[in-house]
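# Structural overview
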Amino acid sequence: MDLIETPRVVLRPLRVEHAGEMAAVLSDPALHAFTGGAPLTAQELRARYERLVAGPPGWRNWVVWSREDERLVGYVQATIEDGSAEIAWVIGTPWQGRGLASAAAKALAGWLAGQRIGTVVAHIHPGHAASAAVATAAGLRPTGRWHDGEMRWEREAASDG
């Protein structure tokens, strides 16, 4: 998998060894307000990362490295299938509100466009204004279609021109 670099963030391919640091980054229960669940322990996250790293080639996962903070601050992921990708992002609570999620999502969407992925999709809870802003920054627009209580946002390669 590719390293994706921007002036603000570096998207580093996920490794199992990231679990310890990422457990601390993702430890705030508030991160699960819109998605449900609870923070995973380092051991649980390690097991999850083992599955993700071994998963099908269409599963792409990166940790987000903040150049300013010189540390991991979150993750982005893309599930690629049949020329389209569904993306998601999470930035740890202490680093939110600084544009890091937007920088990471934009970098991921740009990388996907470079891989000739025609459609990029995200599903966003209607009450999650911050994620809507990130999706907008990444060039996605709401479609008006719903899936499991979340709005489908989308970017078509043809609309980038």
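Up top is the structure these notes are about.
Residues numbered from 1 in each chain as written. Predicted model: local features only at pLDDT ≥ 70, side-chain atom pairs only at ≥ 80, totals over all residues. Heavy atoms only, no water.

Looking now at helix α2 (residues 42-54). With 13 residues, α2 should cover 18 Å at 1.5 Å per step; its first-to-last C-alpha distance of 18 Å lies within 8% of that length. For α2, the full list of buried residues reads Leu45, Tyr49 and Leu52. Buried residues along α2 cover an arc of 60° about the axis, so they all sit on one side. Exposed residues pointing more than 90 degrees away from the buried face of α2 are listed as Gln43, Arg51 and Ala54. Elements in contact with the buried residues of α2: α1 (19-25) and β3 (59-66). (Helix = DSSP H or I, 4+ residues; strand = E, 2+ residues; numbered from the N terminus. Expected span 1.5 Å × (residues − 1). Buried < 20%, exposed > 50% of the residue type's maximum accessible area, 1.4 Å probe, protein only. Arc of directions from axis to C-beta. Contact = heavy atoms within 4.5 Å.)

So, about the pairing of strand β5 (residues 84-91). Burial along β5 is one-sided: Ala85, Ile87, Trp89 and Ile91 are buried, while Ser84, Glu86, Ala88 and Val90, pointing the other way, are not. Inspection of the sheet shows strand β4 (residues 71-81) paired to β5 by 8 bridges, in the antiparallel sense. Each bridged residue has a counterpart across the sheet, and for Glu81 the counterpart in β5 is Ser84. Between β4 and β5, which pair antiparallel one after the other, the connecting turn spans 2 residues, and Asp82 there sits at a positive phi close to 50°. (Pairing = 2+ DSSP bridges.)

Once that is clear, we can look at the environment of Arg152. With respect to the secondary-structure elements, Arg152 resides in strand β8 (residues 150-156). The spacing of Arg152 and Pro142 is 10 residues in sequence and 6.0 Å in space, taken between C-alpha atoms. Dropping the residues within four chain positions of it, Arg152 is found in contact with Thr119, Val121, Ala122, His123, Arg141, Pro142, Thr143, Gly144 and Arg145. A distance of 2.7 Å separates the side chain of Arg152 from the side chain of Glu154, its partner in a polar contact. (Polar contact = N/O pair within 3.5 Å; in protein donor to acceptor, adjacent residues only side chain to side chain.)

What follows covers the pattern of salt bridges. Pairs may arise between side chains of opposite charge once their charged atoms sit close together. Summed over the entire model, instances satisfying the criterion amount to 8 salt bridges. Arg67 is the partner of Glu5 in a salt bridge, and the nearest nitrogen-oxygen pair spans 2.8 Å. With Glu5 in strand β1 (residues 4-5) and Arg67 in the loop between β3 and β4, the pair connects residues that are 62 residues apart, well separated along the chain. (Salt bridge = Lys/Arg side-chain N within 4 Å of Asp/Glu carboxyl O.)

Next up on the list: the sheet that holds strand β7 (residues 141-147). Taken in spatial order, the 8 strands make up an open sheet running β1-β2-β3-β4-β5-β6-β8-β7, and their pairing is mixed. If you trace the sheet from one side to the other, it starts and ends with β1 and β7, each paired once. Here β1 runs beside strand β2 (residues 9-13); their pairing, made up of 2 bridges, is antiparallel. Bridge pairing in β2 places Glu5 opposite Val10. Helix α3 (residues 100-114) rests against β1, β2, β3, β4, β5, β6 (119-124) and β8 of the sheet, and its axis sits at about 35° to β4. (Axes fitted to C-alpha atoms, helices over the stretch in contact; angles between N-to-C directions.)

With that settled, consider the side chain of Arg155. Here Arg155 lies in strand β8. From its side chain, Arg155 meets the backbone oxygen of Ala109 in a polar contact 3.4 Å long.

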